[in-house]
Amino acid sequence: MPLEPRFRRVAALHRRFVNRETVFEAFEEELSQVGYGPRIFNITGVGGIGKSRLLREFGERIKKTHRVVALDLQVPAHRQQEDALAVLRGQFGEQGARFDRYDIAYAVLWQRLHPHLGLTGNGLPFIEHSEVLSEVLDSAAGVPVFGTAVGLLKLLDRGNATRKRRRHLRDDETLRQLDALSGAELVDAVTFLFAEDLRACSDDRPYVVLIDAYEALSRTAVDDVWLRDLAAQLDRGLTVVASREPLGWEAYDVDWWQVVRHAPIEGLSMAARLELLADSGVTDASQRQVIAQASVGLPFYLHLATDSQASGNVVSQGEIAQRFLQHVGAEEKRYLQLLSVTRTFDYGLFQGLAVAFQLPGGRLAWEGVTGYSFVYPAGDGCFQLHRLMADMLCARLSPDMAQDAHRALYALWSERATDAVGIREAVFHGLNACMLRDDELLAYADRMTAYGGTQGIAGVISDLRAHLDDGGDSALEDIAACLAAEAAVLLGDSEQINALTPDSEWKLGSEAGARLAVAAAHGRRISGQTVGALRIYTDVLTVHGGAARRPAGLWAADLHMAQGRFRQAFDLAGEVTRECPPDDGVLLGDLARLLHLALRFSYDFTDADRHMEEAARHYREAGTIVGEALITTNRAELLAWTDPFAAIAVAYEAIEANTDLGAMHEVGKAYSALSQALLVLGRLGEASIALDSACVALEKARYRSGRARAELLRACLHVRSEQPELAAVSVRWAVDELLAVEVYPTLIVVADGLLEVIDRPDERVSEAARQAWAAIEPIDSRSALETRMTYHLRRLLG
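Residues numbered from 1 in each chain as written. Predicted model: local features only at pLDDT ≥ 70, side-chain atom pairs only at ≥ 80, totals over all residues. Heavy atoms only, no water.

**Thoughts on the overall build of the protein**
We apply this condition: Here a strand is any run of E in DSSP of at least two residues, a helix any run of H or I of at least four, and the numbering for each starts at the N terminus. Each residue is assigned to one of three classes by its accessible area relative to the maximum for its type, calculated with a 1.4 Å probe on protein chains only: buried under 20%, partly exposed between the two thresholds, exposed over 50%. Any two residues whose heavy atoms approach within 4.5 Å are treated as being in contact.
Helix and strand content of the protein: 39 helices and seven strands. Taking all 798 residues of the protein together, 56% fall into the buried category. Restricting to contacts in the protein with at least 6 residues of sequence separation, those with at least 24 account for 66%.

**A word on the confidence of the model for the protein**
Put simply, the test is: Per-residue confidence from the predictor is reported as pLDDT, a score between 0 and 100.
In the predicted model, the protein carries a mean pLDDT of 83, and 83% of its residues have values of at least 70. Segment residues 1–19 is flagged for pLDDT under 50; beyond a separation of four residues in sequence, or across chains, it makes 37 contacts in the model. In this model, residues 310–316 is a region of pLDDT below 50 whose contacts with residues beyond four sequence positions or in other chains number 19 contacts.

**Points about the sheet that holds strand S2 (residues 67–72)**
Where we set the bar: Strands are labelled as partners when DSSP assigns at least two bridges between them. Every angle, taken between N-to-C directions, lies between 0 and 180 degrees, and every axis is a line fitted to C-alpha atoms, over only the stretch in contact when it is a helix.
Taken in spatial order, the five strands of this open sheet run S2-S3-S4-S1-S5, and their pairing is parallel. This sheet does not close on itself; its edge strands, each paired only once, are S2 and strand S5 (260–264). Sheet twist, expressed as the mean angle between neighbouring strand axes with direction ignored, is 20°. With six bridges joining them, S2 and strand S3 (residues 207–212) adopt parallel strand pairing. Across the sheet, Val68 pairs through a bridge with Val208, a residue of S3. On the sheet, helix H4 (residues 81–94) packs against S2 and S3 and is oriented at approximately 150° with respect to S2.

**Topic: the environment of Leu726**
Take Leu726: it is sitting in helix H36 (residues 724–741). Taking C-alpha positions, Leu726 is 9.0 Å from Arg714, a pair spaced twelve residues apart along the chain.

**Side note on the environment of Leu599**
Its location among the elements puts Leu599 in helix H29 (residues 585–601). Sequence spacing of Leu599 and Phe570 is 29 residues, and the spatial spacing of their C-alpha atoms is 9.3 Å. Look past the residues within four positions of Leu599 in its chain and what remains in contact with it is Phe570, Asp604, Asp607, Ala608, His611 and Ile779.

**Describing the pattern of salt bridges**
Applied cut-off: The salt bridge criterion pairs a side-chain nitrogen of Lys or Arg with a carboxyl oxygen of Asp or Glu, the two atoms within 4 Å.
Per the stated rule, a full pass over the model turns up 47 salt bridges. With a shortest N-O distance of 2.8 Å, Glu29 and Arg261 are connected by a salt bridge. A residue pair is termed long-range when its members are at least 10 positions apart, and Glu29 in helix H2 (residues 21–32) and Arg261 in strand S5 qualify at 232 residues. Owing to a relative accessible area of 28%, Arg261 belongs among the partly exposed residues under this scheme.

**So, helix H34 (residues 684–700)**
Which entries qualify depends on this criterion: A helix is expected to span 1.5 Å for every residue after the first.
With 17 residues, H34 should reach 24 Å at 1.5 Å per residue; the first-to-last C-alpha distance of 24 Å fits that figure. Close packing links the buried residues of H34 with helix H33 (664–680) and helix H35 (704–720). Phi turns positive, to about 55°, at Arg702, one or two residues after H34.

**A look at the nonpolar core**
Using the following cut-off: In plain words, nonpolar cores are sets of buried Ala, Val, Leu, Ile, Met, Phe, Trp, Tyr and Cys residues tied together by side-chain atoms within 4.5 Å.
The biggest cluster of nonpolar side chains holds 164 residues, and the ones touching the most others in it are Leu385, Leu464, Leu483 and Leu754. Among all residues touching Leu385, those that are not within four sequence positions of it are Leu336, Leu339, Ser340, Phe345, Phe374, Val375, Tyr376, Ala390 and Leu393. Formed by 55 residues, the second largest nonpolar core is a distinct cluster that contains Leu113, Leu153, Cys201 and Leu234.

**Some points on the packing of H35 against helix H39 (residues 782–797)**
Applied cut-off: Should an angle lie under 35 degrees it is considered roughly parallel, over 145 roughly antiparallel, and from 65 to 115 roughly perpendicular; all remaining angles are considered oblique. Polarity classes work like this: nonpolar for Ala, Val, Leu, Ile, Met, Phe, Trp, Tyr, Cys and Pro, charged for Asp, Glu, Lys and Arg, and polar for all others, with Gly in that last group.
Close contact between H35 and H39 brings their axes to 9 Å; oriented N to C, the two are set at 55°. Here H35 is positioned oblique relative to H39, judged by the angle of their axes. Contacts from Leu713, Cys716, Val719 and Arg720 in H35 reach Arg795, Leu796 and Leu797 in H39. Considering only residue class, the contact of H35 with H39 consists of five nonpolar, no polar and two charged.

**Structural notes on the pairing of strand S6 (residues 375–379)**
Pairing between S6 and strand S7 (residues 382–385): four bridges, direction antiparallel. The partner of Tyr376 across the bridge, within S7, is Gln384. Connecting S6 to the antiparallel partner S7 that follows it, the hairpin turn spans two residues, and Asp380 within it adopts a positive phi of roughly 55°.

**Re the packing of aromatic side chains**
Two measures describe an aromatic ring pair: the distance that separates the ring centres and the angle between the ring planes. To keep it simple, the criterion reads: Stacked, tilted and edge-to-face are the three classes assigned to paired rings of Phe, Tyr and Trp, where Trp is represented by its six-membered ring and a pair needs centres within 6.5 Å; plane angles under 30 degrees give stacked, over 60 edge-to-face, the rest tilted. Only lysine NZ and arginine CZ atoms are considered, and such an atom sits over a ring when it is within 6 Å of the ring centre and within 35 degrees of the ring normal.
Here the structure, examined in full by the defined rule, presents 25 aromatic pairs. Ring centres of Tyr347 and Trp366 lie 5.5 Å apart, and the angle between their planes is 55°; this geometry places the pair in the tilted category. Of the two residues, Tyr347 sits in helix H17 (residues 347–356) while Trp366 sits in helix H18 (residues 363–370), which places them 19 residues apart along the sequence. Judged by relative accessible area, Tyr347 falls into the buried class, the value being 18%. Classification of Trp366 by relative accessible area gives buried; the value is 7%. The structure contains a cluster of three or more aromatic residues connected by ring pairs, namely Phe92, Phe99, Tyr102, Tyr106, Phe194 and Tyr207. The aromatic ring of Tyr347 is capped on one face by Arg363, whose charged end is 3.9 Å from the ring centroid. Here Arg600 stacks its cationic end above the ring of Phe601, 5.4 Å away from the centre of that ring.

**Focus: H29**
Compared with an ideal rise of 1.5 Å per residue, which puts 17 residues at 24 Å, H29 spans 24 Å between its outermost C-alpha atoms and is within 8% of the ideal. For H29, the tally of buried residues reaches 15 of 17 residues, placing the bulk of the element in the interior. Of the residues flanking the end of H29, it is Tyr603, one or two places downstream, whose phi is positive at about 65°.

**Overview of unusual backbone geometry**
Residue Tyr603 is not a glycine yet carries a positive backbone phi of 65°. Residue placement: Tyr603 occurs in the loop between H29 and helix H30 (605–622). Accessibility expressed as a relative area gives 6% for Tyr603, which makes it buried. With a phi close to 60°, Asp759 is a non-glycine residue in the positive phi region.

**A closer look at the packing of H33 against H35**
Cut-off, in case you're wondering: Should the near helix be turned anticlockwise from the far one by less than a right angle, the crossing is termed left-handed; should it be turned clockwise, right-handed.
Contact pair H33 / H35: the axes reach a minimum separation of 10 Å and the direction vectors enclose 20°. One finds that H33 runs roughly parallel with respect to H35. You can see that H33 and H35 cross each other, and the crossing is left-handed. For the pair H33 and H35, contact is made by Lys669, Ser672, Gln676, Leu679 and Val680 and by Arg709, Ala710, Leu713, Cys716, Leu717 and Arg720, respectively.

**Section: the environment of Leu409**
In this structure, Leu409 sits in helix H20 (residues 399–415). Owing to a relative accessible area of 1%, Leu409 belongs among the buried residues under this scheme. As a C-alpha pair, Leu409 and Leu353 span 56 residues in sequence and 7.3 Å in three-dimensional space. Not counting chain neighbours up to four residues away, the residues in contact with Leu409 comprise Leu338, Val341, Thr342, Leu349, Leu353 and His429.

**Here's the deal with the side chain of His544**
Filter applied, for reference: Polar contacts, as used here, are pairs of N or O atoms within 3.5 Å; protein pairs need one atom able to donate a hydrogen and one able to accept it. Residues neighboring in sequence count only if both atoms are side-chain atoms.
You can see His544 is positioned in the loop between helix H26 (530–543) and helix H27 (549–562). There is a polar contact of 2.8 Å between the side chain of His544 and the side chain of Glu511. Not counting residues up to four positions away in its chain, the partners in contact with His544 are Leu508, Gly509, Ser510, Glu511, Ala514, Asp539 and Arg549.

**Side note on the pairing of strand S4 (residues 237–243)**
Burial of S4 is extensive: seven of the seven residues sit out of reach of the surface. Here S4 shows two buried faces, one formed by Gly237, Thr239, Val241 and Ser243 and the other by Leu238, Val240 and Ala242. Two strands pair when backbone bridges link them, and S3 and S4 are joined in this way by five bridges, in the parallel orientation. Looking at the pairing, Val209 lines up with Thr239 of S4.

See the structure below:
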């Protein structure tokens, strides 16, 4: 019998024989419970028992009445939360489901993880199914879009009359809160909104989510927490999970036992085995008996026996496999062995392997390989080998041949490393081929972060950890630790960063060790441990000679500036600028902006303006929306001192730009600049209103030093309003905050001067000012700095 028709027939026979009636009856019973809370149908059995085929049969039976989607956790990209949701969203979208709120939330998450990129149709995996995001991009008319909830909703509101039906999105409270969430909270919100949107469109047509190969996900107890969280929220459909062992989720929460129904899949009965073999073309009765006995009822081995038309005295599953390999031609066997080291392959990779190993790579050979019962589709024109077959074939490869296969696949995937999937597979094969140097692995990781954010880098970390667990080069441990910490930095999760980077002797001789130290310093800085962060940044800068010096130098200079060591900040920023590649416009802009801030806090506004414009030029050339918004805020802050009339319009521009970006701390600073300009112009009522808005935004952003600066403005407003007692209260509160976060000593000196002007001296503030002067390192001289501070304070007070 020709291969292709025969295997179609085998699949049909499998549906008949593997459909143990009790399992399908249980499936039908679970379907009848849909709509009354989450339901999990967990089918279990050993590898080769037919779980994957059962899932496909479930889907075939109900696809006309239900929306059916599937995740195969053997596919690496399906194992990360955000990626899995995007895959499910795409499949549901093809079946008419709408996900307006989820789409906006996913875009916000994507933007949070790619802060220097604008949203484009190529950046999101399901844009072709998302009417709401297509409308956003259409409304933008080619202008770069920055994905914050506020900004996206504003763009939607520009749509034509028929699009005004989306007004309910603009008023959605959950969407409006997204910009204020932390990274980890935003990921949870994306899952919540996915489930909410799915719930809203499930009244007319229920759904079933099929999840295969659960054991590929669960390496540790926390690996499946996102799946449990998602399953608990899918309360209008049925989730079917295939696994080798029962899920055991009741160990995490006893309520799961009421939700999960366990259905063990046993081997086929002897009668079913014999009938399947007979209908598959095994005509000899004694041969059928022997094969049926040796298969132990596992459909995988029965199909394999019919693939090879096994004959003779086979007595075990291993012998069935061996007979199959004897039956297959030498070239086809070599193909299968080479493909056994892949996780997914398509025709292009098949041809590339054929060229690398001097095998015929035509369409006929391809169809012969993909016609086997253990080769099944994996989406997007790709295929996978059944895990049992892949393991069996791979075990028959010599270590040298396996490494040669990985080398060839590494070369092929390297050419495709233009997206998250290509990068991850290139890293996977590069690790197993022992071809990746430390710097190359870090470069791939950086590209993955740019393409895939935290979800992309989490996949690389997972593969790297698996490689290390399997006895890979232990020297890669530092890279694994570095990437895990940097992933936490992306989410701004200081608690996680600090947990991953306990104080230790940093290995600053390597790039990975230095980057790990920089990530540790970021964790300390974000959590307010300024001294500890500066110590680590300085150690990296002093010892390390690689690229990690640059971010360490930038942030060390920033902290020196914030703590009043202006000369040191200037010198260090100059050193980093000289080392910076000329095409790194973002870093050059950051460095120039740092010098602007140092000069502004030194009240040298002329030179501050020059460096601000230099930073603006670098940001424009780099095309960073974030950088340009930062400069708009800084321009408003500077003009509030030098040209308060002009500052008003620029401040409103900064408020709008940073609101669209979700940068609440920058919004607060822009309102503070507006308040200061209005205060200088004598418009005290308007200044008070603007200052209230500043305080709300700064407190929402938990930006303590910015809030302290705003309170000093309030003290000036009280002075102008002839309320010296209230002014003194505000000054003392602001100084306490500045001392707590260990920043801006020049502001403490100004605060002491303000109390002197209103004749409300405070010894504690005066002592803080004396200590501040001891810490300040002026760019020019103390007398010049003191003269400038006194002049501008008195001007501010009128």
